[in-house]
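Listed below are the residues making up each chain.
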Amino acid sequence: MRHLRALDARLFARVASAHPLLPWLTGAAAMGLSGNRGARRAALRATGSLAIASAAVNVASRRASGHRPRSATRALPTGHAAAVAAFTAAATLESPRLGAALLPLAAAVTAFRARAGAPSTGAVVAGVALGIGIAAATCRWWPLHVDEPADAARPNVPVPALPAGLGLIAVVNSDAGGDTPAEAELRILLPMTDIRLCESGIDLHLVLDRAAKDVIAHGGALGVVGGDGTVNAAAVRATESGLPLAVFPGGTLNHFAADLGLTTLKDTADAVEAGCGGAVDLGRVTNEGGADGDSSTYFLNTFSIGVYPELVRAREAREARLGKWPALAVGLLRVLADGTPRKVTIDGRHRRLWLLFAGNSRYDPPGFAPSYRRSLNDGILDIRAVDGSHPFARTRLITAFLTGTLARSRVYQATTVTRLRIDGVGEEGDYSRDGEVSPAADTLLLDKSVRALTVYLPAPQ
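S.K.: Even after reading the chapter, I still don't get the overall build of the protein chain, so can you show me in this structure?
M.R.: Secondary structure assignment for the protein chain yields 16 helices and 17 strands. Within the protein chain, contacts between residues separated by at least 24 positions form 73% of all contacts whose residues are at least 6 apart in sequence. Summing over all exposed atoms, the protein chain offers an accessible surface of approximately 22200 Å²; the carbon and sulfur share of this is 57%.

Here it is as structure tokens:
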């Protein structure tokens, strides 16, 4: 017992002398490197909440120390309790299972610090309440993500079940940018699949055209392995040919696959073998009066003009270091400082816009970081715009973003429509569609091709 008491004393002294927030930041780093999307979101929200709670208590303590007696300042919330509570509550919001593991640890560490001579019990309780409140308040700026596949209508004709991939022709884009050796894994998951590798220097569109013709001739389904740009090209062929499409996430960006609930190659392989599918909407862009006459193309995720593509790139370049929302704020400041509003006419109304975003179906969360969709067949376009015609538009926009009042700002507008006409685009430049830049005619028409694409989906749970 004497040795155990000595060990307890040494352990207590080590914990009490260590920087109180170091273990939590280490845990956040581990969650961020885990590869699990839910754990990464939990790490970002938890770290941000911890930082806000620590800063709030430090500012309050400094102000109070100069104006109150020492006995009064001891009643203020403790910074450690607030930080730990904020971290744990924020992680729990994103991942209840992770929160269940953190709660006992948070309670034990808080008790340890209190035993080491922290202020009164009331100050600890106040710190815990403050931390939980700050974690909950982050949902105002960063709504919780729902890890569920988007809804999709059942197709008019059931998708074929293809055991071992027999009848599936899958085009693998080797330039898609992913880290997974998709071709080798796909051969293991679906050994009977006809895999056609599109290597660097080969025209992806020609490979997809040939694959679609072969599927039409022999039956089966068209598959594609790649990111959103590659999947977009395959979706156009599948839609025009009336073929079911198997989307295998294998590129740098796989937003469409993620919204379908297909986060791994195995998810899609299981759906192909089970013959489970649905029908989704496509956004459509029609160039009126172009050099080759009117022409239409589709977008699976987003369409935009203005500084939105630059905003996305600026956010992604900083997101790993700063976290999503701080990176978004810094990126917003940069693109607004360097850019200029574009003069266009929207449905007959002259506008000066910093950006115009159109999503294929309604996106969450609101604001400048649309991330996921709950439905892919709602028949609507999600429109978000930043008006540059108001006085001090940039300053008002940044202020609204930082204070969480974006929905009430006159500079920012959000609505849903089924059709939108944009004139004067060709005079100002190009437009972005699923991350790909395309030349614009003077007039663009945006609308929806409702339930036009049949895709394989995970079996309903």
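S.K.: Sorry if this is basic, but what is going on with unusual backbone geometry here?
M.R.: Outside of glycine, negative phi angles account for most residues, and trans bonds account for most peptide bonds. Residue Ala164 is not a glycine yet carries a positive backbone phi of 60 degrees. At Asp347, a position not held by glycine, the phi torsion is positive, near 50 degrees. Here Asp347 lies in the loop between strand S8 (342–346) and strand S9 (349–360).

S.K.: Is there a simple way to think about the packing of helix H9 (residues 204–218) against helix H10 (residues 228–241) in this case?
M.R.: When two helices pack together, their arrangement is given by the angle between the helix axes and by the axis-to-axis distance. H10 packs onto H9 with a crossing angle of 35 degrees between their chain directions and a minimal axis gap of 10 Å. Taken as a pair, H9 and H10 cross one another with a handedness that is right-handed. Side by side, H9 and H10 meet where Leu204, His205, Leu208, Asp209, Ala212 and Ile216 of the first sit next to Thr230, Ala233, Ala234, Arg237 and Ser241 of the second. The residue makeup of the contact of H9 with H10, split by class, is six nonpolar, three polar and two charged.

S.K.: Sorry if this is basic, but what is going on with the pattern of salt bridges here?
M.R.: Side chains that differ in charge, positive against negative, can pair when their charged atoms come close. Across all of its chains, the model carries 16 salt bridges by this definition. Between Lys448 and Asp378 there is a salt bridge, and its shortest N-O distance comes to 3.9 Å. With a gap of 70 residues between them, Lys448 in strand S17 (residues 443–456) and Asp378 in the loop between strand S11 (372–373) and strand S12 (381–387) connect regions that are remote in the sequence. Owing to a relative accessible area of 30%, Asp378 belongs among the partly exposed residues under this scheme. The residue Asp382 makes a salt bridge to Arg384 at a minimum N-O spacing of 3.0 Å. According to the relative accessible area criterion, Arg384 is buried, its value standing at 5%. Sharing partners across several salt bridges, the network here consists of Asp194, Arg196, Arg210 and Asp214.

S.K.: How should the nonpolar core be read in this particular structure?
M.R.: Within soluble globular proteins, side chains that are nonpolar tend to cluster in buried spots. Membership of the largest hydrophobic core comes to 33 residues, with the highest contact counts inside it found for Leu245, Val247, Phe256, Leu260 and Leu453. Excluding anything up to four places from it in sequence, Leu453 contacts Ala235, Ala238, Thr239, Leu245, Phe256, Gly278, Ala279, Val280, Leu282 and Leu300. Ranked by size, the runner-up nonpolar core spans 23 residues in total, among them Tyr308, Trp354, Phe357 and Val411.

S.K.: Which parts of the structure should I look at to understand the pairing of S17?
M.R.: The two faces of the sheet receive side chains in turn, since in a regular strand these alternate between them. Most of S17 is tucked away, with 10 of its 14 residues classed as buried. Alignment of strand S14 (residues 419–423) against S17, held across five bridges, turns out to be antiparallel. Bridge pairing in S17 places Leu420 opposite Leu446.

S.K.: Would you explain the environment of Leu381 in this entry?
M.R.: Tracing the chain through its elements places Leu381 in strand S12. Exposure remark for Leu381: the relative accessible area of 0% places this residue in the buried category. Note: C-alpha distance between Leu381 and Phe357 (24 residues apart in sequence) is 9.6 Å. Leaving out residues up to four positions away in the same chain, Leu381 has contacts with Phe299, Gly359, Thr415, Thr416, Val417, Thr418, Leu446, Asp447 and Lys448.

S.K.: Would you mind showing me how to read the packing of aromatic side chains here?
M.R.: To describe a pair of aromatic rings, one takes the distance between the centres and the angle between the planes. Considering all chains together, one arrives at three aromatic pairs under this definition. Summarising the aromatic geometry, the rings of Phe299 and Phe303 are spaced 6.2 Å apart at their centres and angled 40 degrees between planes, so their arrangement reads as tilted. Given the relative accessible area of 0%, Phe299 is considered buried. Among the residues examined, Phe303 registers a relative accessible area of 0% and is labelled buried. Each ring, one from Phe357 and one from Tyr363, has its centre 5.9 Å from the other, and the planes form 75 degrees; the classification is edge-to-face. The pair formed by Phe357 and Tyr363 is uniform in burial state, with each residue classed as buried.

S.K.: I tried to follow the packing of helix H8 (residues 182–189) against helix H12 (residues 265–274) on my own but got confused; where do I start?
M.R.: Their axes nearest at 10 Å, the elements H8 and H12 cross at an angle of 35 degrees. The chirality of how H8 crosses H12 is right-handed. Contact residues: H8 offers Ala182, Glu185 and Leu189, while H12 offers Leu265, Lys266 and Ala269. The class makeup of the residues in the contact of H8 with H12 is four nonpolar, no polar and two charged.

S.K.: Please explain the environment of Arg45 as it appears in this structure.
M.R.: With respect to the helices and strands, Arg45 occurs in helix H3 (residues 37–65). Along the sequence, Arg45 and Glu94 sit 49 residues apart, while their C-alpha atoms lie 7.9 Å from each other. Engagement of the side chain of Arg45 in a polar contact is seen with the side chain of Glu94, the distance being 2.9 Å.

S.K.: Quick question: what am I supposed to make of H10 here?
M.R.: Structural remark: α-helix, 3.6 residues per turn; residues separated by three or four positions point the same way. In a regular helix each residue adds 1.5 Å, so 14 residues correspond to 20 Å; H10 covers 20 Å between its end C-alpha atoms and thus fits that length. Judged by how many residues are buried, H10 sits mostly within the fold: 11 of 14 residues are covered. Of all the positions in H10, only Asp228, Thr230, Val231, Asn232, Ala233, Ala234, Ala235, Val236, Arg237, Ala238 and Thr239 are classed as buried. Phi turns positive, to about 70 degrees, at Gly242, one or two residues after H10.

Thresholds applied
Residues numbered from 1 in each chain as written. Predicted model: local features only at pLDDT ≥ 70, side-chain atom pairs only at ≥ 80, totals over all residues. Heavy atoms only, no water. Helix = DSSP H or I, 4+ residues; strand = E, 2+ residues; numbered from the N terminus. Contact = heavy atoms within 4.5 Å. Areas by Shrake-Rupley, 256 points an atom, 1.4 Å probe, with all protein chains shown as cover. Axes fitted to C-alpha atoms, helices over the stretch in contact; angles between N-to-C directions. Left-handed = near helix turned anticlockwise from the far one by under 90°. Nonpolar A, V, L, I, M, F, W, Y, C, P; charged D, E, K, R; others polar. Salt bridge = Lys/Arg side-chain N within 4 Å of Asp/Glu carboxyl O. Buried < 20%, exposed > 50% of the residue type's maximum accessible area, 1.4 Å probe, protein only. Core = buried A, V, L, I, M, F, W, Y, C linked by side-chain atoms within 4.5 Å. Pairing = 2+ DSSP bridges. Phe/Tyr/Trp six-rings, centres within 6.5 Å; stacked < 30°, edge-to-face > 60°. Polar contact = N/O pair within 3.5 Å; in protein donor to acceptor, adjacent residues only side chain to side chain. Expected span 1.5 Å × (residues − 1).

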